[in-house]
Amino acid sequence: MKFFLDTADLAEIEEAASWGALAGVTTNPTLYARIGGKLDDFHNHIKRICDIVGPDCPVSAESVAMTRDEIVRDGRELAKIAPNVVVKIPTMVEGLAATRQLADEGIPVNMTLCFTVPQAILAARAGARYISPFVGRFDDISEDGLAQLDDVVRAIGNYDFTADTVNGEQIEIIAASIRSANHVTQAALMGADIATVPFGILKKCVSHPLTDRGLESFLKDWEKVQNA
Ligand SMILES: O=P(O)(O)OC[C@H]1O[C@](O)(CO)[C@@H](O)[C@@H]1O
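Sequence order sets the numbering: in each chain, residues are counted from 1 along the sequence as written. In keeping with the model being predicted, local features are shown solely for residues with a pLDDT of at least 70 and side-chain atom pairs are shown and tallied solely at 80 or more, while totals for entire chains, interfaces and linings include all residues. To get the side-chain values, take all heavy atoms of the structure and skip hydrogens and water.

*Asks:* Help me out: how do you make sense of the site of the ligand in this one?
*Replies:* Neighbouring residues are identified by heavy atoms, a residue being near a molecule or strand if any of them is within 4 Å of it. Taken together, 13 residues form the shell around the ligand, and within it Asp6, Lys88, Arg137, Ser177 and Arg179 come nearest. Polar contact criterion, stated in full: a pair of N or O atoms within 3.5 Å, where within protein one must be able to donate a hydrogen and the other to accept it, and residues adjacent in sequence count only if both atoms are side-chain atoms. Arg137 places a side-chain nitrogen or oxygen 2.7 Å from an oxygen atom of the ligand. Contact with the protein chains removes 87% of the 400 Å² of surface that the ligand exposes when unbound. When the residues that make up the shell around the ligand are grouped by side-chain class, the tally is 3 nonpolar, 6 polar and 4 charged. With residues, only the protein chains shown are counted as cover, and all accessible areas are computed by Shrake-Rupley using a 1.4 Å probe. Under the scheme applied, nonpolar residues are Ala, Val, Leu, Ile, Met, Phe, Trp, Tyr, Cys and Pro; charged residues are Asp, Glu, Lys and Arg; polar residues are all the others, including Gly.

*Asks:* It is not clear to me how the nonpolar core should be interpreted in this structure. Could you clarify?
*Replies:* Note on soluble globular proteins: their nonpolar side chains tend to be buried together. In this structure, Ile46, Ile89, Ile131, Leu149 and Ile156 are the most contacted members of the largest nonpolar core, which totals 58 residues. Residue contacts are defined here by distance: any two heavy atoms, one from each residue, within 4.5 Å place the two residues in contact. In contact with Ile46, other than residues within four places in its own chain, are Thr27, Val59, Ala61, Ile81 and Val85. Core analysis: the second largest hydrophobic core is formed by 6 residues, Phe4, Ala23, Tyr130 and Ile194 among them. Nonpolar cores are built from buried Ala, Val, Leu, Ile, Met, Phe, Trp, Tyr and Cys residues. Side-chain atoms within 4.5 Å join them into one set. Summary of the burial criterion: residues with accessible area below 20% of their type's maximum are buried, those above 50% are exposed, and those between are partly exposed, where the area comes from a 1.4 Å probe applied to protein chains only.

*Asks:* Please explain the packing of helix α4 (residues 68–81) against helix α5 (residues 93–104) as it appears in this structure.
*Replies:* Two packed helices can be described by the angle between their axes and the distance between those axes. Lines fitted to the C-alpha atoms define the axes, with helices restricted to the stretch that makes contact. Angles between their N-to-C directions range from 0 to 180 degrees. Per the convention used, a helix needs a DSSP run of H or I reaching at least four residues, while a strand needs a run of E reaching at least two, with both numbered from the N terminus. Here α4 crosses α5 at 45°, and the two axes come no closer than 8 Å. Overall, the two elements α4 and α5 adopt an arrangement that is oblique. Like other packed secondary-structure pairs, α4 and α5 cross with a definite hand, here right-handed. The segment α4 lies against α5, with Arg68, Ile71, Val72, Gly75 and Arg76 engaging Val93, Glu94, Gly95, Ala97, Ala98, Gln101 and Leu102. In terms of residue class, the contact of α4 with α5 is built from 6 nonpolar, 3 polar and 3 charged. Angle categories: roughly parallel below 35 degrees, roughly antiparallel above 145, roughly perpendicular from 65 to 115, and oblique for all the rest. It is the rotation of the near helix from the far one that decides the hand of a crossing: anticlockwise by less than a right angle makes it left-handed, clockwise makes it right-handed.

So this is what it looks like as structure tokens:
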């Protein structure tokens, strides 16, 4: 499994990238609004993210257009920002049609707001390079988000979609709307390709109280060695 960071905050991205294990970034309109983002700075902001993470890390930037033609126009503009931009498009009829068009032009799409197996399969057939099933938002309405993710991972794994995607690449499933380190654990056990996580959850994924305790005792014992 790869780790993506789910944020538009440059300081968080810089910090996480410096740890050496970051494979990509996802943003959405809510995350951009949260950092006080302005409409006319959006493309520049995505460019800054691309520059921080480098060309090998995909950066998802979402279109908020509602018709296929507008989404395609948006997608083409977003794709011009940097070669690692992935156009994020909601799972809906207009979004599927735009995904097909962009995929045919060689522009990778991350199909977002995906909640069911049929949605995921349609996204795959429309040429999406990434599919983002949401976990936490199912939990928010007292449904089992991890079970839904598991269904999507297994269903997508049943078929070969390479004839549908940009340049015949394998589809990758991004476990999204992640709320805990346990969501990450379960997503990895299911075989989700990527987990996109908020910075707070990424920090929780690094640490464990037994690691802290073990480190403390190793340091204490090393002091004894030095003073012996
Ligand atoms: O439910 P949440 O925590 O708002 O998460 C929404 C998810 O949607 C996405 O836009 C999907 O990629 C991510 O940015 C995020 O993981």
